[in-house]
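In case you want the letters, here they are:
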Amino acid sequence: MSEETKEVKYRVQLDFSEEAFNELNQLRENLNASSRAEVVRNAIGVLRWVTSHLRAGNKIVVEKKDGKLAEVDFPFLLIK
């Protein structure tokens, strides 16, 4: 592998409450992810997608089983 194609990786240490850690492990299991890091990387990808749409002024909508539409609210995101 040449120096140009070598992927740089960074180690990040995160502190989780017991409840959050259990939720992370449950997500890993439910998503059949190979690691907790994979779950976090996927979550970052979803958050990137959501924020890009919200910044563009788009709405994110869920179609429920009964066919009704509901706009998804993200009150914790302060989009600029």
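Residues numbered from 1 in each chain as written. Predicted model: local features only at pLDDT ≥ 70, side-chain atom pairs only at ≥ 80, totals over all residues. Heavy atoms only, no water.

A. Region of the structure containing the environment of D73. In this fold, D73 is placed in the segment after β2 (69-71). Classification of D73 as exposed rests on a relative accessible area of 62%. Along the chain, D73 and I60 lie 13 residues apart, while their C-alpha atoms are 8.1 Å from each other. (Helix = DSSP H or I, 4+ residues; strand = E, 2+ residues; numbered from the N terminus. Buried < 20%, exposed > 50% of the residue type's maximum accessible area, 1.4 Å probe, protein only.)

B. Region of the structure containing the environment of G57. Mapped onto the secondary structure, G57 falls in the loop between α2 (36-55) and β1 (61-63). The exposure class of G57 is exposed, given its relative accessible area of 60%. Sequence separation between G57 and N42 is 15 residues, and the spatial gap between their C-alpha atoms is 23 Å.

C. Representation of the packing of helix α1 (residues 18-30) against α2 within the structure. In the contact formed by α1 and α2, the axes pass within 9 Å of each other and the chain directions differ by 90 degrees. As judged from the angle between their axes, α1 and α2 are roughly perpendicular. The segment α1 lies against α2, with F21, L24, N25, L27 and R28 engaging R36, V39 and V40. Of the residues that constitute the contact of α1 with α2, the class distribution is five nonpolar, one polar and two charged. (Axes fitted to C-alpha atoms, helices over the stretch in contact; angles between N-to-C directions. Parallel < 35°, antiparallel > 145°, perpendicular 65-115°, else oblique. Contact = heavy atoms within 4.5 Å. Nonpolar A, V, L, I, M, F, W, Y, C, P; charged D, E, K, R; others polar.)

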